[in-house]
Amino acid sequence: GAGVSQTPSNKVTEKGKYVELRCDPISGHTALYWYRQSLGQGPEFLIYFQGTGAADDSGLPNDRFFAVRPEGSVSTLKIQRTERGDSAVYLCASSPGGSSYEQYFGPGTRLTVT
Amino acid sequence: GDSVTQMEGPVTLSEEAFLTINCTYTATGYPSLFWYVQYPGEGLQLLLKATKADDKGSNKGFEATYRKETTSFHLEKGSVQVSDSAVYFCALSGAGGATNKLIFGTGTLLAVQP
C-alpha cells in the first residue's frame, strides 16, 4: 500500500516568507508526527496529532511554527516569517496509534531559507 | 530529560566484518527502543525494535538486545555487506506519558568497503 507522502520534496524560500509543508499519512493511521532533522543530527520531535487534535506540541520551537490536521488525515506544517535557522529536512511520520509505537516515515521536505 | 547517546561515526569496515554500534539511553520510565536506518537518498526506515527489558530485536541479520541494567541497546551484525552502508539511528519512545514521540540519537554513518 501507499506509504507516507510529503510535498513538496524541496522548498527554497526567502527569509521572512511564509511556507506550508504537507503530509499525507498512511490511510487509517490515527497518529501523526512532525520532526525536524538538521544536517548531521537525528530527527527532533515537533508535534504529535491524535486524530484532529494536537496532543503534544511541546517540540515546536516558537510561535512561528504551527500545524493543523483538520480532518484527521492530511496535516500541514506552517512556518511564518521564516529564518535561515529554519533550514532543515522536515519529516512526517504516521502510526496506527493505540499501543503501537511503530512510526512510518515519509521522505521529508528539504526546506532552504535564503 | 530523556535522551539517547550513540557512538560517533563514521564507522568504516570491510565487507564481512563484525559490526557494533553502541547506544545508551536515559529515560525516566520504561521506554521502547528502536534502530532506524537511513540509506543514501531514502527516508528513515525501522530496522528493529524491542519493547521491554531483555527483548532482542532482529532483522536483516542485525540484532540488538534491550539491556535495562546497562541502559543500552547496541546494534550488532556478524557480517556486514556493502549494501549496509547507511546512517543508523538509535531511538526511544514511550518512556512516560502517551505521546510516543521518538527521541533519536545523532546517528552513526556506516561505510562498508568491498
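These numbers were taken from a predicted model, which means no experiment stands behind them.

Here is what the cut-offs are and how they apply
- Residues numbered from 1 in each chain as written.
- Chains lettered and ligands numbered in written order.
- Predicted model: local features only at pLDDT ≥ 70, side-chain atom pairs only at ≥ 80, totals over all residues.
- Heavy atoms only, no water.
- Helix = DSSP H or I, 4+ residues; strand = E, 2+ residues; numbered from the N terminus.
- Rg over C-alpha atoms; globule rule 2.2 N^0.38 Å.
- Buried < 20%, exposed > 50% of the residue type's maximum accessible area, 1.4 Å probe, protein only.
- Contact = heavy atoms within 4.5 Å.
- Areas by Shrake-Rupley, 256 points an atom, 1.4 Å probe, with all protein chains shown as cover.
- Lys, Arg positive; Asp, Glu negative; His and termini not counted.
- Charge placed at Lys NZ, Arg CZ, Asp CG, Glu CD.
- Buried area = accessible area lost by both parts, 1.4 Å probe.
- Salt bridge = Lys/Arg side-chain N within 4 Å of Asp/Glu carboxyl O.
- Polar contact = N/O pair within 3.5 Å; in protein donor to acceptor, adjacent residues only side chain to side chain.
- Nonpolar A, V, L, I, M, F, W, Y, C, P; charged D, E, K, R; others polar.
- Pairing = 2+ DSSP bridges.
- Axes fitted to C-alpha atoms, helices over the stretch in contact; angles between N-to-C directions.
- 1 Å grid on protein atoms, 1.4 Å probe; cavity = no way out; pocket = protein on both sides within 12 Å on 5 of 7 lines; lining within 4 Å.
- Points joined across faces, edges and corners; volume = space filled by probe spheres on them.

Trainee: Could you give an account of the overall build of chain B, with specific residues and numbers?
Mentor: Helix and strand counts for chain B come out as zero helices and 12 strands. The C-alpha radius of gyration of chain B comes to 14 Å, within 12% of the 13 Å expected for a compact globule of 114 residues. Each principal axis of the C-alpha distribution contributes one length, and for chain B these read about 45 × 30 × 20 Å. Burial statistics for chain B: of 114 residues in total, 46% are counted as buried.

Trainee: Please provide a residue-by-residue account of the overall build of chain A, values included.
Mentor: Tallying secondary structure elements over chain A gives zero helices and 11 strands in all. For chain A, the C-alpha atoms occupy an extent of roughly 40 × 25 × 25 Å along the three principal directions. Relative to its 114 residues, chain A shows a buried fraction of 46%. Restricting the contact set of chain A to residue pairs at least 6 apart, pairs at least 24 apart contribute 53%. Surface exposure of chain A reaches about 5400 Å², of which carbon and sulfur atoms provide 47%. Put simply, chain A has 11 plus and 11 minus side-chain charges, and the middle of one group is 8 Å from the middle of the other.

Trainee: Can you explain the interface of chain A and chain B? Please cite residues and give values.
Mentor: Counting residues at the interface gives 19 residues for chain A and 19 residues for chain B. Both faces considered, chain A and chain B share a buried interface measuring about 1500 Å² in area, 54% of it formed by carbon and sulfur atoms. Where chain A meets chain B, there are one salt bridge. Here E102(A) makes a salt bridge to K49(B), at a shortest N to O gap of 3.5 Å. The interface formed by chain A and chain B contains three residue pairs in polar contact (both at pLDDT 80 or more). Contributing elements (two or more residues each) for the side of chain A that touches chain B: β4 (31–37) and β5 (44–50) of chain A. At three residues, β4(A) tops the list of elements feeding residues into the side of chain A that touches chain B. Split into classes, the residues belonging to the side of chain A that touches chain B amount to eight nonpolar, nine polar and two charged.

Trainee: I'd love a proper account of the sheet that holds strand β7 (residues 65–68) of chain A, names of residues and values included.
Mentor: Residue and element names in this part refer to chain A. What the four strands build is an open sheet, ordered β1-β3-β8-β7; its pairing is antiparallel. Both outer strands of the open sheet, β1 (5–7) and β7, are each paired with one neighbouring strand and no more. Each neighbouring strand pair of the sheet contributes to a mean axis angle of 15 degrees, computed without reference to strand direction. The sheet contact formed by β7 and strand β8 (residues 75–79) spans four bridges and is antiparallel. Bridging from a neighbouring strand, A67 pairs with L77 of β8.

Trainee: Describe the pattern of salt bridges, with residues and values.
Mentor: Taken as a whole and judged by the stated rule, the model has seven salt bridges over all chains. With a closest N to O distance of 3.6 Å, E63(B) and K56(B) form a salt bridge. By relative accessible area, which is 35% here, E63(B) ends up partly exposed. Three or more residues are tied together by salt bridges with common partners; here these are R64(A), E83(A) and D86(A).

Trainee: Give me the layout of surface pockets: which residues, what numbers.
Mentor: Its volume calculated, the largest pocket comes out at about 640 Å³. Forming the walls of the largest pocket are 33 residues, and the residues nearest its centre are Q37(A), L39(A), V89(A), R110(A) and Q38(B). The greatest single-element share of the lining of the largest pocket, amounting to four residues, is contributed by strand β11 (residues 109–113) of chain A. The class makeup of the residues in the lining of the largest pocket is 13 nonpolar, 17 polar and three charged. As a volume, the second largest pocket reaches approximately 260 Å³. Forming the boundary of the second largest pocket are 17 residues, of which G42(A), P43(A), E44(A), F45(A) and F104(B) lie nearest the centre.

Trainee: Please provide a residue-by-residue account of the sheet that holds strand β8 (residues 62–65) of chain B, values included.
Mentor: Residue and element names in this part refer to chain B. Spatial ordering of the open sheet is given by β3-β9-β8-β7, a layout of four strands whose pairing is antiparallel. Of all the strands in the sheet, just β3 (19–21) and β7 (56–59) have a single pairing partner and so form its edges. Neighbour to neighbour, the strand axes of the sheet diverge by 15 degrees on average, direction disregarded. Relative to strand β9 (residues 75–77), β3 is paired through three bridges, and the arrangement is antiparallel. In the strand pairing of β9, L19 is matched with K77.

From the geometry alone we can't say anything about function, so treat these as descriptive.
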